[in-house]
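Single-letter residue listing:
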Amino acid sequence: MAIRKSKDVQAYIPTASMADIAFLLIIFFMVTTVFQVDKTSVNLPMSWERPVEIPRKAAFVVLAKLTSGAGGEELIYKFSAGEDSSHVIPDTEGLYFEVLNITGINDLHPFVIKIDKSVEYRLVDEVLDAMRRAGAQELILMTEQRTIK
């Protein structure tokens, strides 16, 4: 009886499960990614207080000074309800109505206030007054923590 010569077997990598692995990785990264609702850079005031963790879905109120191309500064108000990115609002009356939309549903909704340290306190007081009139109760003022050297 003659022995047959076997054919050369080619190396084979099974790729049937590669699509499953790719979809699992995509879902993992989508679930673990944190969405940042406000990316406005602001020079925050200093504070000795310990940092407070910002609750998820907290609304953001931003009052910032932006430098224009001509060297001047422009005051800008921004707002985010916590689920979408922040958008520009015209003034404190616009802020009042934005906050009123949220407090009408949940008066204990947290609000994070992010104000540039060079903004006049008169404007800060107007922002706080508009939020008080709209019924905001839980306010978190963002500050930069001062450290002992």
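Residues numbered from 1 in each chain as written. Predicted model: local features only at pLDDT ≥ 70, side-chain atom pairs only at ≥ 80, totals over all residues. Heavy atoms only, no water.

Draft legend 1. View of the overall build of the protein chain. Each helix and strand counted, the protein chain has three helices and seven strands in total. The secondary structure elements of the protein chain, listed N-terminal to C-terminal, are α-β-β-β-β-α-β-α-β-β. Taken against the 2.2 N^0.38 rule, which gives 15 Å for 149 residues, the C-alpha radius of gyration of the protein chain at 26 Å runs more than 25% over that of a compact globule. Once local pairs closer than 6 in sequence are excluded, the contacts in the protein chain between residues at least 24 apart make up 64%. Here the protein chain displays about 11400 Å² of accessible surface, and carbon together with sulfur accounts for 57% of that area. Charge centroids of the protein chain, computed over 16 positive and 20 negative side chains, lie 13 Å from each other. (Helix = DSSP H or I, 4+ residues; strand = E, 2+ residues; numbered from the N terminus. Rg over C-alpha atoms; globule rule 2.2 N^0.38 Å. Contact = heavy atoms within 4.5 Å. Areas by Shrake-Rupley, 256 points an atom, 1.4 Å probe, with all protein chains shown as cover. Lys, Arg positive; Asp, Glu negative; His and termini not counted. Charge placed at Lys NZ, Arg CZ, Asp CG, Glu CD.)

Draft legend 2. Spatial organisation of the pattern of salt bridges. The tally for this structure, following the rule as stated, stands at five salt bridges. Between Arg 122 and Glu 120 there is a salt bridge, with the nearest N and O atoms lying 3.1 Å from each other. Assessed through its relative accessible area of 45%, Glu 120 is described here as partly exposed. A salt bridge links Glu 126 to Arg 122, with the shortest nitrogen-to-oxygen separation between them at 3.5 Å. One end of the pair, Glu 126, and the other, Arg 122, are both in helix α3 (residues 121-134), four residues apart, so they sit about a helical turn from each other. A single salt-bridge network, built from bridges that share partners, covers Glu 93, Asp 129, Arg 132 and Arg 133. (Salt bridge = Lys/Arg side-chain N within 4 Å of Asp/Glu carboxyl O. Buried < 20%, exposed > 50% of the residue type's maximum accessible area, 1.4 Å probe, protein only.)

Draft legend 3. Region of interest: helix α2 (residues 92-103). The end-to-end C-alpha separation of α2 is 16 Å, in line with the 16 Å expected for twelve residues at 1.5 Å each. Taken residue by residue, α2 has Thr 92, Gly 94, Leu 95, Tyr 96, Val 99, Ile 102 and Thr 103 as its buried positions. Buried-residue contacts for α2 involve β2 (59-67), β3 (73-80), β4 (87-89), β5 (110-115) and α3. In this structure Asp 91 caps α2, since a side-chain oxygen of it lies 3.3 Å from the backbone nitrogen of Glu 93. (Expected span 1.5 Å × (residues − 1). Polar contact = N/O pair within 3.5 Å; in protein donor to acceptor, adjacent residues only side chain to side chain.)

Draft legend 4. Inspection of the packing of aromatic side chains at higher detail. Tallying each qualifying case throughout the model produces two aromatic pairs. Residues Phe 28 and Phe 29 carry aromatic rings whose centres are separated by 5.3 Å and whose planes lie at 70 degrees to one another, so their mutual orientation is edge-to-face. Pairing Tyr 96 with Phe 97 gives two aromatic rings, centres 5.1 Å apart and planes at 70 degrees, and the pair type is edge-to-face. The exposure class assigned to Phe 97 is partly exposed, which follows from its relative accessible area of 49%. (Phe/Tyr/Trp six-rings, centres within 6.5 Å; stacked < 30°, edge-to-face > 60°.)

Draft legend 5. Broad picture of the pairing of β5. For β5, the tally of buried residues reaches six of six residues, placing the bulk of the element in the interior. Covered by surrounding structure in β5 are Pro 110, Val 112 and Lys 114 together with Phe 111, Ile 113 and Ile 115, the residues of both alternating faces. Both β2 and β5 contribute to a ladder of five bridges, which runs parallel. The residue bridging Ala 59 from the neighbouring strand is Phe 111, located in β5. Of the pairings in the sheet, the one linking β5 to strand β6 (residues 138-141) comprises four bridges and is parallel in character. When the sheet's bridge partners are listed, Phe 111 is paired in β6 with Leu 139. (Pairing = 2+ DSSP bridges.)

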